[in-house]
Amino acid sequence: MERSEGRESCCTPVEEPPPVITSNAEPERVDQPKRTVMMRPGCGTSGREITLLANHLKVSIKRPDEIFYLYSVSITSDEKRAVNIKGIGRKIIDKLHETYSSEFAGMKFAYDGEKSLYTVGPLPRNRLEFTVVVEESSARHTSESPSDNGSSNHSSKRSKHSLNSKAFLVEIDYAAKIPLRSVNLALQGADPENVQDALRVLDIILRQQAANRGCLLVRQSFFHDDSRNFTDVGEGVMGCRGFHSSFRLTDGGLTLNMDVSTTMILSPGPVIDFLLANQNVKEPRYIDWARAKKMLKNLRVRAKHSNREFKIISLSDRPCNQQLFSMKVKNGGSPDNEGETIEITVYEYFTKHRNIELSSSAYMPCLDVGKPKRPNYLPLELCYLVSLQRYIKALSLVQRASLVEKSRQKPRERIKVITDAVRDYSYDDDPLLAACGISVEKQLIQINGRVLEAPKLKVGNGEEVSPCNGRWNFKNKHLFTPARIERWAVVNFSARCDTSHLSRELISCGRSKGIHFERPHTLIEEDPQYRRAGAVVRVEQMFEEIIARLPGPPDFLLCVLPERKNSEIYGPWKKKSLTELGIVTQCISPLKITDQYLTNVLLKINAKLGGTNSLLAMEHTFHLPLIKDTPTMILGMDVSHGSPGQSDIPSIAAVVGSLYWPLISKYRAVVRSQSPKMEIIESLYKPLPNGEDEGIMRELLLDFYRTSNGHKPAQIIVFRDGVSESQFSQVLNLELDQMIKAYKHLGEGDNPKFTLIVAQKNHHTRLFQASTAENVPPGTVVDTNIVHPRNNDFFMCAHAGMIGTTRPAHYHILLDEIGFSPDILQNLIHSLSYVYQRSTSATSIVAPVRYAHLAAQQVGQFVKFEDLSETSSGQGSVKSIGSTPVTELPRLHKNVSDSMFFC
């Protein structure tokens, strides 16, 4: 598939970097939430019934009156310095339990590895203080590895180890009681204060069990060091398969949600092999050592000759055969002889003094595994990367595609892996769970679902299409509203593409779909002399050629890129065309030109140029329940963030709003930058000192009014993506308050009615058909058994799962002032999965959310924040609203600001 597109809002040509602005539109703070999540009004009944399995296991609690006691743990060293509890805390707690068994006789406890200790039953006293002595094995630098100021004894052949004793003061203070009964109260529909604390204790018990097995812990997912679970995805990175395991409150009782999970790790093994794979080179002489130094920092290695583990802090400045260090050598057998200090290379030390053969390290840097002021060098070939070291950077598109291809599992395979894991983990044997009378069934829970009927679609010439298995096509059909393309051109950055053939085939395919398609005004090939220039230079030169050859601004430009997905030209091309010149463009990089490929390209082009590919039949005939008679606006909202580790890259908030009521298939987007890692949208309402509002909602409200025959929205349906349950209250209060203020700022009286829905895909519930190995059919909805016991939520698989196991969307209705019945709302959401103009299949989540995600992602691509980050604060992740200067996005040119640039 060709690259996704983008487009933006009005602005004159930008000649200088965008200004740094400070967000001062801080939404009103709310001490006590004014709104709370609504309760479930009932369940749906429409659709045909289907029997399903879910990856939840029923949990029984035989002793619901048990109480967990929470104690805070403080550990300080004998020098009165705080200890890195995460690194040493568990060892000390275990030692404490062993040394003071009389205090803990028969006591069952769970430790979170940091600052909280949970027990079943109280400790003897509310405050306990102990001094714990921990003996740690430490190697002297006598002959382990070279150090700049270490010493070596020529006659020593083995490492000398000593036991260093360290004393730690451990303070354990009673903090609170957490009754297990709160879980039962919550299951009955109450909202007890400490139910989340009780669930947290149960989840910590699962983590503790996994930690005792030597697993890598990533929140509630656990990963074993088993090469059978590793999948190579390239560049020295592997996918590691493990399991997610967490307790969930559901309408059918307490369950254990068990699922397959994957995290990324660095390939364990020789450091040399890792560097060759990471940099995609065949020989060590081609390794970029500056890049290697950055990559290896803080990784853990095991030394082959000593079997000891170290952390890499850097690389040596010189190759192994030139890197000198000072070593003391004793001469003679006299104990009074302190010997002499000599300068020796690391290579000579290991080959002559340690008799270790080095076959490939001589001309490569050494690993520095010492301390900043005391280097400690190891030859590369003696070091192996320790297993289960997480890789947290963003995967390349090639790596991601490889991971998806190699890790997908069909439904029956996934069921078997999950049930085998439940058996192997033996949760019923855990002493803490047993102390609470908690038992877990071994089989997946069986539930009832419903399959909603797919909505009919309208295409060109009045034809009606009935999707089959969530899909349809435009073979021998016209688009509903085809665009006119008269003045356009093809520009080619790829030497291997025949643009003459491409344009002929595109015109032929477009005309068969009803598009009025003239021949291109010109075909422009990139001047070969610029192919090795930077991306910005190449784009500027191409636009100079376009301006010289065309008599005026084109309706549209087709841009052929040399790479399929990650072309460096894409960002500068989009920025230039959409913010400076106001020209709609479509980027492609075809591997094979087929009718299906060209149709997919034309769907995007037609939507960008104002055409409509298809409509819901009930949308066309104005029969949408609760929407057809009352002006209704639909919003999709999402925020995208920089890659992990990029704490100074601004986040991008995108909101799309529907146009042309009563239609629900046409949208435009408004995009803003905001504080890094900030999920709550800051600029929905943004008052300026002069009294004007420069917020997102104002633009969308005015566009709705302009395109809907002067109607103001009396109802607003909001689909919010990307927030967790802990952020529901902020969405309900902070974001909704901003929307209301923006509406009132326009001089309106009564507030519109809001329905606020959170759409989640990042969860671990999976649905399976009970009677067949196939994925659940498109339109499957579940609003009983595995949903929340009190809140209004449901799971929906609107799309057809073609590969792997279908992941349902999880919809949470936080507020419903409009008053939808469960059936009407579920059918509306299902229908909104069929209005995505870029494809001919139902989407896994509603189209407004997909559009918002695309808009945020694509604008982030064409603005290179990496080049601008020095002008922002760059002081780490920012969590508070309006506190950090952020780089303002360039606005879209007025010619394209109203178009569906994100298609």
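Numbering of residues begins from 1 in every chain and follows the order in which that chain's sequence is written. Since the coordinates come from a predicted model, pLDDT governs what is reported: local features require at least 70, and pairs of side-chain atoms require 80 or more to be given and counted, while whole-chain, interface and lining totals use all residues. To obtain the side-chain values, all non-hydrogen atoms of the structure were used and water was disregarded.

Brief notes about the overall build of the protein chain
Thought 1: Each helix and strand in the protein chain was counted, giving 19 helices and 43 strands.
Thought 2: Each residue's exposure class comes from its accessible area (1.4 Å probe, protein chains only) as a fraction of the maximum for that residue type: buried when under 20%, exposed when over 50%, partly exposed otherwise. When burial is assessed residue by residue, the protein chain has 56% of its 903 residues classed as buried.
Thought 3: Any two residues whose heavy atoms approach within 4.5 Å at even a single point are treated as in contact. In the protein chain, the proportion of contacts linking residues at least 24 apart, taken out of those at least 6 apart, comes to 74%. Going along the chain from the N terminus, every DSSP run of H or I of four or more residues is numbered as a helix, and every run of E of two or more is numbered as a strand.

What to know about unusual backbone geometry
Thought 1: With omega at 15°, the peptide bond leading from Trp 661 into Pro 662 counts as cis.
Thought 2: Inspection of the secondary structure puts Pro 662 in the loop between β35 (651-658) and β36 (667-674).
Thought 3: With a phi close to 65°, Leu 626 is a non-glycine residue in the positive phi region.
Thought 4: One non-glycine residue, Asn 709, adopts positive backbone phi at about 55°.
Thought 5: Its place among the elements puts Asn 709 in the loop between α15 (696-707) and β37 (715-721).

Notes on the confidence of the model for the protein chain
Thought 1: Looking at the protein chain as a whole, the pLDDT averages 85, with 86% of positions reaching at least 70.
Thought 2: The predictor attaches a confidence to each residue, called pLDDT, with possible values from 0 through 100. Taken element by element, the protein chain is modelled with least confidence in strand β1 (residues 20-22), mean pLDDT 39, and with most confidence in strand β41 (residues 793-797), mean pLDDT 98.
Thought 3: Below a pLDDT of 50 lies the segment residues 1-30, which in the model reaches 122 contacts outside its immediate sequence neighbourhood of four places, other chains included.
Thought 4: In this model, residues 865-882 is a region of pLDDT below 50 whose contacts with residues beyond four sequence positions or in other chains number 48 contacts.

Side note on the packing of aromatic side chains
Thought 1: Aromatic rings from Phe, Tyr and Trp, with only the six-membered ring used for Trp, were paired whenever their centres fell within 6.5 Å, and each pair was classed as stacked if the ring planes differed by under 30 degrees, edge-to-face if by over 60, and tilted otherwise. Under the defined criterion, the tally for this structure stands at 15 aromatic pairs.
Thought 2: Ring centres of Tyr 851 and Phe 902 lie 4.9 Å apart, and the angle between their planes is 45°; this geometry places the pair in the tilted category. In this pair, Tyr 851 is assigned in helix α18 (residues 847-862) and Phe 902 in the segment after β43 (885-887), connecting sequence segments 51 residues apart. Summarising the burial analysis for this pair, Tyr 851 and Phe 902 share the class buried.
Thought 3: In this analysis the charged atom, NZ for Lys or CZ for Arg, is taken to sit over a ring once it is within 6 Å of the ring centre and within 35 degrees of the ring normal. In this arrangement the basic side chain of Arg 213 is found over the ring face of Tyr 425, its NZ or CZ atom lying 4.7 Å from the centre.
Thought 4: Taking the ring centre of Tyr 836 as reference, the NZ or CZ of Arg 850 above it sits at 4.8 Å.

Quick notes on the sheet that holds strand β26 (residues 464-465)
Thought 1: Note on pairing: DSSP must find at least two bridges between two strands before they are called paired. With antiparallel pairing, the three strands of this open sheet are ordered in space as β26-β25-β33. Looking along the sheet, the strands with just one partner apiece sit at the ends: β26 and β33 (615-616).
Thought 2: Judged from the two bridges that link them, strand β25 (residues 457-458) and β26 form a sheet pairing that is antiparallel. Paired with Leu 457 across the strands is Val 465, a residue of β26.

Some remarks on the packing of helix α11 (residues 535-549) against helix α12 (residues 570-581)
Thought 1: Angular values range over 0 to 180 degrees, each being the angle between N-to-C directions of two axes fitted as lines to C-alpha atoms, with helices fitted over their stretch in contact. Where α11 meets α12, the closest approach of the two axes is 9 Å, and the angle between their N-to-C directions is 50°. Viewed along their axes, α11 and α12 adopt a mutual orientation that is oblique. Read as a crossing pair, α11 and α12 show a hand that is right-handed. Listed contacts from α12 to Ala 535, Val 536, Val 539, Glu 540, Met 542, Phe 543 and Ile 546 of α11 are Pro 572, Trp 573, Lys 576, Ser 577 and Leu 581.
Thought 2: All residues other than Ala, Val, Leu, Ile, Met, Phe, Trp, Tyr, Cys, Pro, Asp, Glu, Lys and Arg, Gly among them, are scored as polar; the first ten of these are nonpolar and the last four charged. Classifying every residue of the contact of α11 with α12 gives nine nonpolar, one polar and two charged. In what follows, roughly perpendicular refers to angles from 65 to 115 degrees, roughly parallel to angles under 35, roughly antiparallel to angles over 145, and oblique to any angle outside these ranges. The hand of a helix crossing depends on one turn: near helix anticlockwise from the far one by less than a right angle means left-handed, and clockwise means right-handed.

Thoughts on the sheet that holds strand β28 (residues 488-492)
Thought 1: With respect to topology, four strands assemble into an open sheet ordered β30-β28-β31-β32, the strand pairing being parallel. Here the strands that pair on one side only, and so sit at the sheet edges, are β30 (522-525) and β32 (585-588). Within the sheet, the average angular offset between the axes of one strand and its neighbour, ignoring direction, is 15°.
Thought 2: By the bridge criterion, five bridges tie β28 to strand β31 (residues 556-560) in an arrangement that is parallel. Bridge pairing links Trp 488 to Phe 556 in β31.
Thought 3: In the packing of α11 onto the sheet, contacts are made with β28, β30 and β31, and the angle to β30 comes to roughly 155°.

Quick word on the pattern of salt bridges
Pairing is possible between side chains of opposite charge, provided their charged atoms come close.
Thought 1: Take a side-chain nitrogen of Lys or Arg and a carboxyl oxygen of Asp or Glu: if they are within 4 Å of each other, that pair is a salt bridge. Following the criterion strictly, the structure yields 40 salt bridges and no others.
Thought 2: Between Glu 725 and Arg 248 there is a salt bridge, and its shortest N-O distance comes to 3.3 Å. Pair noted here: Glu 725 is in the loop between β37 and α16 (728-745) and Arg 248 is in strand β12 (residues 237-250), with a separation of 477 residues, a long-range link.
Thought 3: Exposure remark for Glu 725: the relative accessible area of 40% places this residue in the partly exposed category.
Thought 4: Classification of Arg 248 by relative accessible area gives partly exposed; the value is 34%.

Notes on helix α6 (residues 346-353)
Thought 1: Taken as a whole, α6 has its buried residues at Val 346, Tyr 349, Phe 350 and His 353. Relative to the axis of α6, the buried residues are bounded by an arc of 110° and lie together on one face.
Thought 2: Along its buried surface, α6 packs onto β18 (324-329), β19 (340-345), β20 (365-368) and β21 (377-378).
Thought 3: At the C-terminal side of α6, Asn 355 shows a positive phi close to 55°. Within this analysis, the arc is defined by the directions that extend from the helix axis to the C-beta atoms.

Some words on the pairing of strand β38 (residues 753-760)
A regular strand places its side chains so that they alternate between the two faces of the sheet.
Thought 1: Summarising burial for β38: seven of the eight residues are buried, a large majority.
Thought 2: Note that β37 and β38 share seven bridges and pair parallel. Residue Gln 715 lies in a different strand from β38, and its bridge partner there is Lys 753.
Thought 3: Taken together, β37, α16 and β38 form a β-α-β motif whose crossover is right-handed.
Thought 4: As judged from the six bridges shared by β38 and strand β42 (residues 809-816), these two strands associate in the antiparallel manner. Residue pairing across strands places Ala 759 opposite Tyr 811, the latter belonging to β42. Whether a crossover is right-handed comes down to one check: with the strands pointing away from the viewer, does the path from the first strand over the helix to the second run clockwise; if it does, it is right-handed.

Some words on the packing of helix α4 (residues 271-279) against helix α5 (residues 289-296)
Thought 1: Closest axis-to-axis distance for the α4/α5 pair is 11 Å, and the angle between their directions is 115°. Classed by the angle they form, the pair α4 and α5 counts as roughly perpendicular. Like other packed secondary-structure pairs, α4 and α5 cross with a definite hand, here right-handed. For the pair formed by α4 and α5, the contact residues are Val 271, Phe 274, Leu 275, Asn 278 and Gln 279 on the first element and Trp 289, Arg 291, Ala 292, Met 295 and Leu 296 on the second.
Thought 2: The residue inventory of the contact of α4 with α5, partitioned by class, reads seven nonpolar, two polar and one charged.

Examining the pairing of strand β6 (residues 116-120)
Thought 1: Of all the five residues making up β6, five are buried; the element is thus mostly covered by neighbouring parts of the structure.
Thought 2: With burial as the criterion, each face of β6 is covered, one bearing Ser 116, Tyr 118 and Val 120 and the other bearing Leu 117 and Thr 119.
Thought 3: Direction of pairing for strand β4 (residues 67-77) relative to β6: antiparallel, over a ladder of five bridges. Across the sheet, the residue bridging to Tyr 69 is Thr 119, located in β6.

Points about the environment of Asp 428
Thought 1: Along the chain, Asp 428 falls in the loop between α8 (411-425) and α9 (431-435).
Thought 2: Given a relative accessible area of 31%, Asp 428 falls into the partly exposed group.
Thought 3: Along the sequence, Asp 428 and Ile 438 sit ten residues apart, while their C-alpha atoms lie 7.2 Å from each other.
Thought 4: Those residues within four positions of Asp 428 in sequence are excluded, and the remaining contacts are Ala 434, Ile 438, Ser 439, Val 440 and Lys 442.

So, the side chain of Asn 613
Thought 1: Secondary-structure assignment places Asn 613 in the loop between α13 (595-608) and β33.
Thought 2: A polar atom in the side chain of Asn 613 sits 2.7 Å from the backbone oxygen of Gln 837.
Thought 3: Dropping the residues within four chain positions of it, Asn 613 is found in contact with Val 459, Phe 474, Leu 479, Phe 480, Leu 603, Asn 606, Ala 607 and Gln 837. Nitrogen and oxygen atoms within 3.5 Å of one another constitute a polar contact, given that in protein one can donate a hydrogen and the other can accept it, and given that sequence-neighbouring residues count only through two side-chain atoms.

A word on the nonpolar core
Thought 1: Residues enter a nonpolar core if they are buried and are Ala, Val, Leu, Ile, Met, Phe, Trp, Tyr or Cys, with the set joined through side-chain atoms within 4.5 Å. Ranked by size, the top nonpolar core spans 116 residues in total, and within it Tyr 811 and Phe 902 carry the most contacts.
Thought 2: Per-element tally for this core: the top contributor is α16, with nine residues.
Thought 3: Counting residues in hydrophobic clusters, the runner-up holds 46 residues, among them Val 183, Leu 249, Ile 418 and Val 440.

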